[in-house]
Amino acid sequence: MSAQEISSERLLQMYGRMFRIRLVEERLAQVQAAGELPGPVHLYIGQEAIAVGVCAHLSDQDWICSTHRGHGHFLAKSDEFQRMVAEVYGRATGVCGGKGGSMHVADVSKGILGANGIVGGGIALAAGAALSAQTRGTRNVAVVFFGDGAANQGVLFEALNVAALWSLPLILVCENNGFSEFSPTATVTAGEIWNRATPFGVPGRSVDGNDVREVWAAAGAAIERARSGGGATLLEMRTYRLRGHVEAEKSFLSKSYRSDAEVEERREREPLRLAVAALHGAGVTADAIAKLEEKERVAVQAAFEYAAESPWPEPGAAFEHMFA
Amino acid sequence: MAKKRMVQAINEAITEEMERDGSIIVIGEDVHISPVGDTRGLIERFGASRVRNTPISESVMSGMAVGAAATGSRVICHLFYGNFIYTGFDAIANQAAKLRYMLGGQVKLPILYMAMIGGGRSVAAQHSDSMHPMLMNLGGIKIVMPASPGDAKGLAKAALRDDNPVFLLQAAGRGGELGEVPEGDYTIPLGKAEEKRAGDDVTVVAIGSMVKPALKACDELAARGISVSLIDPRTVVPMDYDAILASVARTGRLVVVDEARKSCSAASEIAATVAERGFHLLKAPIGRVAVEDVAIPYSPVLEKAVIPDAARIVDAVLKIAVSGGVPR
Ligand SMILES: Cc1ncc(C[n+]2csc(CCOP(=O)(O)OP(=O)(O)O)c2C)c(N)n1
Ligand SMILES: [Mg+2]
């Protein structure tokens, strides 16, 4: 599978989903600033190509585990997202009934085991989902998205070892966005993350995570390999977090950890811009792109209206769901 | 006395102690930029050798603290949110809490683990736990839970001079609250409670974050003619049972308020000890106000339903404060 093989239809479809993620996240930034959200949000802006390029290969029976920056993964894997937005609003109609919020958006019916508030928390969960897919004799796979910061949790090494031993259908997708919270990656991370797979005999690759075609190709190969019993792969996606670690971070940080100029420079290669250029290169008209974008705007507007108008949960719901 | 924020008070305590004692080092995630504010300015003042910004690797951090402390350093290990104590829990439970004991007293482990605990800010179940009871159950670990900036400074300084692992658990989201903070060398001995309000009808013991709603409850109860003796233990290991029992001896009634889940909470432990040592003093059953045994939910409506507030404390007191001591 190579990036050149991608059809213009597929590319347009993926761009549409990336655009949707961008719209949702920009809107969340707005409503967060306006005080309409109960809790903090970590936005995925600048990393959209990764979730979309990977999830394009997955069915509802394949699993993903995600991070505190998890809206994008949800939006990439499921076409239904009104209830995800309602969850971030803390409403009864939310996909977790308002119990989880931004850091725990999940839709198990779509193979989304959820965002996660524990850095590295998804790695072992996905290894378990891969184990289950394997023992049940399916061709399904598990994908874990995690950050460069999470790559410093010991659980990554434990999971690589067991995934290698048992040829688990596990794809470890590290999104290296340049920062672990407020620390530049290089100040807290030794060596190359993709190379952490090598000693275990697991293939590791470094991929341009801002080019959805490259992500799609690399993920496609890894997922196909996992489906056919070939085992795990570690993909390090090089990207850049364009917004803060968490919205409104400037209100509580006493000093900055990166310059505005750096952010602007990195914006030049942001994934939506690259995808549009690729679409033009593939002969897709500006008109076709604009039509798709308009469709997404309408859908996103509807989702936010749905969320904002949804009722709050009943207080008694707080005491449900602890046990099956 | 100057009014300062809780995080400033802790920051001041750490800064003063690091000046005083060159063996103190700091490890923790983002301690150089300090989103919480309690380690702000330390790296500029003491340098990157003594103040180490660590990767997200709690299991090595909590264990390195033990290794460094056993070999001559005095360690501040900043774990940020209390829930990340769980990711670093192995070395806390299996090493910090028992290494000295297992080695027949050969080592000292001067460690200050710091974290913010508790809910109320819609950060959901993985950022809102109050896990002091789990730490209490380990033995070998001291735990301080300041409810005011002044106490935070005095307790932090005392903790930094203690030769044992101590947890400083600050109520999340309360770091900005203002209070009087004594200047200079101010310490509060670990294990000494404070009676925040004097009263004769009911004893309320409130832990950490719960002191604030308990104070509000005291006012509401006073308006109804009920006077409360409000005890803030300030440290839950060691626990000042003498102060609690002395108060119960006057009132004969006890309500314990804790933001932990009720089962095996600090409230449970206090209730059990008072029943054991002071059964003869009691005129009514002991009340516990705590979080029911559920995770902390995200939606503010749900979160409000689980975290104790002044109204629930008032209810619990009224339940045992009726004349004759018969619960309603
Ligand atoms: C176990 C644990 N430790 C610390 C944190 C606090 N924290 C939340 S996000 C984050 C940085 C994560 O960096 P990275 O994995 O690179 O993900 P990114 O935020 O860049 O998407 C930290 C330290 C946490 N949530 N969980
Ligand atoms: Mg990162």
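These figures come from a predicted structure and were not determined experimentally.

Procedures and definitions
Residues numbered from 1 in each chain as written. Chains lettered and ligands numbered in written order. Predicted model: local features only at pLDDT ≥ 70, side-chain atom pairs only at ≥ 80, totals over all residues. Heavy atoms only, no water. Patch = residues over 30% accessible without salt bridge, like charges linked within 9 Å, V, L, I, M, F, W, Y side chains within 5 Å. Areas by Shrake-Rupley, 256 points an atom, 1.4 Å probe, with all protein chains shown as cover. Salt bridge = Lys/Arg side-chain N within 4 Å of Asp/Glu carboxyl O. Buried < 20%, exposed > 50% of the residue type's maximum accessible area, 1.4 Å probe, protein only. Pairing = 2+ DSSP bridges. Helix = DSSP H or I, 4+ residues; strand = E, 2+ residues; numbered from the N terminus. Axes fitted to C-alpha atoms, helices over the stretch in contact; angles between N-to-C directions. Contact = heavy atoms within 4.5 Å. 1 Å grid on protein atoms, 1.4 Å probe; cavity = no way out; pocket = protein on both sides within 12 Å on 5 of 7 lines; lining within 4 Å. Points joined across faces, edges and corners; volume = space filled by probe spheres on them. Nonpolar A, V, L, I, M, F, W, Y, C, P; charged D, E, K, R; others polar. pLDDT = per-residue confidence, 0-100. Core = buried A, V, L, I, M, F, W, Y, C linked by side-chain atoms within 4.5 Å. Domains from an automatic or database assignment. Buried area = accessible area lost by both parts, 1.4 Å probe. Near = heavy atom within 4 Å. Polar contact = N/O pair within 3.5 Å; in protein donor to acceptor, adjacent residues only side chain to side chain.

K.L.:
What should I look at first to understand a nonpolar patch on the surface in this one?
P.N.:
Among the surface-exposed residues, Val 108, Leu 113 and Leu 125 of chain A lie close enough to one another that they form a single nonpolar patch of about 240 Å² accessible area. For Leu 125 of chain A, a relative accessible area of 42% puts it in the partly exposed group.

K.L.:
So what exactly am I meant to see when it comes to the sheet that holds strand β10 (residues 202-206) of chain B here?
P.N.:
Each strand in a sheet pairs with its neighbour through backbone hydrogen bonds, running either in the same direction (parallel) or in the opposite one (antiparallel). Residues and elements named next belong to chain B. If you walk across this open sheet you meet the five strands as β9-β11-β10-β13-β14, and the pairing is mixed. Across the chains shown, the open sheet's two edge strands, defined by having one partner strand only, are β9 (194-197) and β14 (287-291). Within this sheet the neighbouring strands show an average axis-to-axis angle of 25°, counted without direction. Inspection of the sheet shows β10 paired to strand β11 (residues 228-232) by four bridges, in the parallel sense. Among the inter-strand pairings, Val 205 is bridged to a residue of β11, identified as Ile 231. Along the sheet, helix α13 (residues 310-321) makes contact with β10, β13 (254-261) and β14, crossing β13 at roughly 145°.

K.L.:
I tried to follow the sheet that holds strand β5 (residues 111-117) of chain B on my own but got confused; where do I start?
P.N.:
Residues and elements named next belong to chain B. The sheet built from seven strands is open, its strands ordered β3-β2-β4-β5-β7-β6-β12 with mixed pairing. The sheet terminates laterally at β3 (51-53) and β12 (235-237), the two strands that pair on one side only. Taking the axes of each pair of neighbouring strands and ignoring which way they run, one obtains an average angle of 20° across the sheet. In the sheet, strand β4 (residues 74-81) pairs with β5 via five bridges, with the strands oriented parallel. Following the sheet pairing, Cys 77 is matched in β5 by Tyr 113. Docked against the sheet, helix α3 (residues 58-70) engages β2 (24-28), β4 and β5, running at close to 160° with respect to β4.

K.L.:
How should the layout of surface pockets be read in this particular structure?
P.N.:
Over the atoms, a rolling probe the size of a water molecule traces out where space has been left empty. Residue and element names in this part refer to chain A. If you add up the space inside the second largest pocket, you get close to 440 Å³. As for the second largest pocket, its lining consists of 22 residues, of which Arg 243, Gly 244, Glu 249, Lys 250 and Arg 258 are closest to the centre. Residue contributions to the lining of the second largest pocket peak at four residues, all from helix α9 (residues 260-267). Considered class by class, the residues forming the lining of the second largest pocket number seven nonpolar, three polar and 12 charged.

K.L.:
Before we go on, may I ask you to explain the confidence of the model for chain B in this structure?
P.N.:
When pLDDT drops low, the exact placement of atoms in the prediction is not to be read closely. Residues and elements named next belong to chain B. Mean pLDDT over chain B works out to 97, with 98% of the residues at or above the 70 mark. Ranking the elements of chain B by mean pLDDT puts strand β1 (residues 2-5) last, at 95, and strand β6 (residues 142-144) first, at 99. Reported confidence for the predicted complex is 0.96 by ipTM and 0.97 by pTM.

K.L.:
What exactly am I supposed to notice about the nonpolar core here?
P.N.:
For soluble globular proteins, nonpolar side chains are generally found buried alongside one another. Among the nonpolar cores identified, the biggest contains 69 residues, and Val 54 and Ile 171 of chain A are the most heavily contacted of them. Broken down by element, this core gets its largest block of residues, 12 residues, from helix α1 (residues 8-33) of chain A. Apart from the residues lying within four places of it in its own chain, the contact partners of Val 54 of chain A are Val 143, Phe 145, Val 173, Val 215, Ala 219, Ile 223 and Met 237 of chain A. Counting residues in each nonpolar core, the second largest holds 47 residues, with Phe 89, Ala 93, Leu 169 and Val 248 of chain B among its members.

K.L.:
How should the domain arrangement of chain B be read in this particular structure?
P.N.:
Many structure descriptions define interface size as the accessible area lost when the parts assemble. Residues and elements named next belong to chain B. Along its sequence, chain B is organised into domain 1 (2-181) and domain 2 (194-323). Here the C-alpha centre of domain 2 lies 26 Å away from the C-alpha centre of domain 1. Between domain 1 and domain 2, the contact holds 27 residues from the first and 31 residues from the second. Between domain 1 and domain 2, the buried area comes to about 2000 Å², and carbon and sulfur atoms account for 56% of it. Of all residues in domain 1, Ser 122, Met 136 and Met 145 bury the most surface against domain 2, accounting for 25% of the area lost on that side. Remark: the boundary between domain 1 and domain 2 carries three salt bridges. A salt bridge links Arg 234 to Asp 151; the shortest N-O distance between them is 3.3 Å.

K.L.:
It is not clear to me how unusual backbone geometry should be interpreted in this structure. Could you clarify?
P.N.:
Comment: phi is negative for the bulk of residues other than glycine, and the bulk of peptide bonds are trans. Residue and element names in this part refer to chain B. Residues Val 237 and Pro 238 are joined by a peptide bond in cis, for which omega reads -5°. With respect to the element layout, Pro 238 can be found in the loop between β12 and α10 (241-251). At Ser 122, a residue that is not glycine, the phi angle is positive and equals roughly 55°. Positionally, Ser 122 belongs in the loop between β5 and α7 (132-136). Ser 122 sits in the buried class, given a relative accessible area of 4%.

K.L.:
So what exactly am I meant to see when it comes to the site of ligand 1 here?
P.N.:
Lining the immediate environment of ligand 1, one finds 22 residues, of which His 68, Arg 69, Gly 149 and Asn 177 of chain A together with Glu 58 of chain B sit closest. Around ligand 1 the close residues trace back to chains A and B. Arg 69 of chain A is positioned with one of its side-chain polar atoms (N or O) 2.7 Å from an oxygen atom of ligand 1. Take Gly 149 of chain A: an N or O atom from its main chain is 2.8 Å from an oxygen atom of ligand 1. Look at ligand 1: alone it shows 570 Å² of surface, and the protein chains cover 97% of it. When contributions to the shell around ligand 1 are tallied by element, the ones reaching two or more residues are β4 (179-180) of chain A together with α4 (84-87) of chain B.

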